[in-house]
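These are the residues of each chain, in order.
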Amino acid sequence: MTEPRRLERLDQPREPRRLRLPRFDPEAFGRWSEGIARYMGTANFIVYMTVVIALWLAWNTLAPAELRFDPYTFTFLTLLLSLQASYAAPLILLAQNRQAARDRLAAEEDRRRAALQKADTEYLAREIAALRIALGEVATRDFLRSELGRLAEELDEHAHRRQRLEQRQYRKDRQQHSGRPVPAERIEEPLDELDAD
């Protein structure tokens, strides 16, 4: 049986025929080109290339005429070197483009990390400033010692005055009960509100 032929509509354009090219992995090709470019930038490549060209020139000038495969003008050698240069340049450019893309990503990551570090540093600086302000209002050890010493002196002074006041009151009470005057002790400190009565 034959397949029914699809009717082509005249009111619609034809679908363009697409040329199917072989598919390749760009990442694998890029890694391969970087490997070649990396090797071409070494001293080994230059030494090996110099040896091959020297042998080529020596063979095609010193060997018997029937064994020479590239006569004096070295047309085949020129063709091979041009071919190598025509492939080497795009491979090197591809490797450089991949390296530039990696450098751009690394620079963006560095910028992002630097921005995060700057934000962290600014946050920590604000926190330290707030702590300094808060600590400026907090009493220090020396301040507390001096205040506690002053308060202890005031308490001792008040206790001493209270004791004297109680002694006076006691003498007054004894004088009122006994009817005889009790000799008063001499007070050598200034009078205050407790002593005024």
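Honestly, the side chain of Ser33 in this entry has me stumped. Any pointers?
For Ser33, the location among the structural elements is in helix H1 (residues 26–40). Here Ser33 falls in the buried class, since its relative accessible area comes to 0%. Within the local environment of Ser33, its side chain forms a polar contact with the backbone oxygen of Gly30, the two atoms lying 2.8 Å apart. The residues touching Ser33, leaving out its near neighbours within four places in the chain, are Leu91, Leu94 and Ala95.

Explain the side chain of Glu34 here, please?
Position of Glu34 relative to the elements: it lies in helix H1. Among the polar contacts listed, one links the side chain of Glu34 to the side chain of Arg98, at a separation of 3.1 Å. Dropping the residues within four chain positions of it, Glu34 is found in contact with Ala95, Arg98, Gln99 and Arg102.

Sorry if this is basic, but what is going on with H1 here?
Each α-helix turn comprises 3.6 residues. Residues three or four places apart therefore point the same way. Here H1 contains 15 residues, and its C-alpha end-to-end distance of 21 Å stays within 8% of the 21 Å for a straight helix at 1.5 Å per residue. Turning to H1, its buried residues number three or more, namely Gly30, Ser33, Glu34, Ala37 and Met40. The buried residues of H1 occupy an angular sector of 125° when the element is viewed end-on, so they sit on one face. Among the structural elements, helix H2 (43–62) and helix H3 (75–136) are those in contact with the buried residues of H1.

Please explain a nonpolar patch on the surface as it appears in this structure.
A cluster of nonpolar residues, Trp59, Leu67, Phe69, Phe76, Leu79, Leu80, Leu83 and Tyr87, forms a patch on the protein surface that exposes about 830 Å² of accessible area. Top element by residues in the nonpolar patch is H3. It accounts for five residues. Mapped onto the elements of the fold, Leu83 is located in helix H3.

I'm lost on the pattern of salt bridges in this one. Help?
Side chains carrying opposite charge are able to pair once their charged atoms draw close together. With the rule as written, the count across this model stands at nine salt bridges. We note a salt bridge from Arg98 to Glu34, for which the minimum N-O separation is 3.1 Å. With a gap of 64 residues between them, Arg98 in helix H3 and Glu34 in helix H1 connect regions that are remote in the sequence. Owing to a relative accessible area of 17%, Arg98 belongs among the buried residues under this scheme. When its relative accessible area of 9% is taken as the criterion, Glu34 is described as buried. A salt bridge links Glu157 to Arg161, with the shortest nitrogen-to-oxygen separation between them at 2.9 Å. In this pair, Glu157 and Arg161 are both assigned in helix H4 (residues 141–178), four residues apart and thus about one turn of the helix distant. One network of salt bridges, with partners in common, ties together Glu27, Arg31, Glu34, Arg98 and Arg102.

What am I meant to see in the packing of aromatic side chains here?
Describing an aromatic ring pair means giving the distance of the ring centres and the angle of the ring planes. Counting across every chain of the model gives five aromatic pairs. Ring centres of Phe29 and Trp32 lie 5.5 Å apart, and the angle between their planes is 40°; this geometry places the pair in the tilted category. Highlighted residues: Phe29 and Trp32, both in helix H1, separated by three residues, approximately one helical turn. Here the aromatic cluster, defined as three or more aromatic residues joined through ring pairs, consists of Trp56, Phe69 and Phe76.

Even after reading the chapter, I still don't get H3, so can you show me in this structure?
In this model, H3 (62 residues) spans 89 Å end to end at C-alpha, consistent with the 92 Å of a helix rising 1.5 Å per residue. If you check which residues of H3 are buried, you get Leu77, Ala88, Leu91, Ala95 and Arg98. Summarising the contacts, the buried residues of H3 are in contact with H1 and H2.

Looking at this model, I keep getting lost on the packing of H2 against H3. Mind explaining?
The relative placement of two packed helices comes down to the angle between their axes together with the axis-to-axis distance. Look at H2 against H3: their axes get within 11 Å of each other, and the N-to-C directions meet at 160°. If you check the angle between H2 and H3, you find them roughly antiparallel. Both H2 and H3 take part in a crossing whose hand is right-handed. Facing H2, whose interface residues are Phe45, Met49, Ile53, Trp56 and Leu57, H3 presents Phe76, Leu77, Leu80, Leu81 and Gln84. Looking at the contact of H2 with H3 residue by residue, the classes come out as nine nonpolar, one polar and no charged.

Each value, and the rule that gives it
- Residues numbered from 1 in each chain as written.
- Predicted model: local features only at pLDDT ≥ 70, side-chain atom pairs only at ≥ 80, totals over all residues.
- Heavy atoms only, no water.
- Helix = DSSP H or I, 4+ residues; strand = E, 2+ residues; numbered from the N terminus.
- Buried < 20%, exposed > 50% of the residue type's maximum accessible area, 1.4 Å probe, protein only.
- Polar contact = N/O pair within 3.5 Å; in protein donor to acceptor, adjacent residues only side chain to side chain.
- Contact = heavy atoms within 4.5 Å.
- Expected span 1.5 Å × (residues − 1).
- Arc of directions from axis to C-beta.
- Patch = residues over 30% accessible without salt bridge, like charges linked within 9 Å, V, L, I, M, F, W, Y side chains within 5 Å.
- Areas by Shrake-Rupley, 256 points an atom, 1.4 Å probe, with all protein chains shown as cover.
- Salt bridge = Lys/Arg side-chain N within 4 Å of Asp/Glu carboxyl O.
- Phe/Tyr/Trp six-rings, centres within 6.5 Å; stacked < 30°, edge-to-face > 60°.
- Axes fitted to C-alpha atoms, helices over the stretch in contact; angles between N-to-C directions.
- Parallel < 35°, antiparallel > 145°, perpendicular 65-115°, else oblique.
- Left-handed = near helix turned anticlockwise from the far one by under 90°.
- Nonpolar A, V, L, I, M, F, W, Y, C, P; charged D, E, K, R; others polar.

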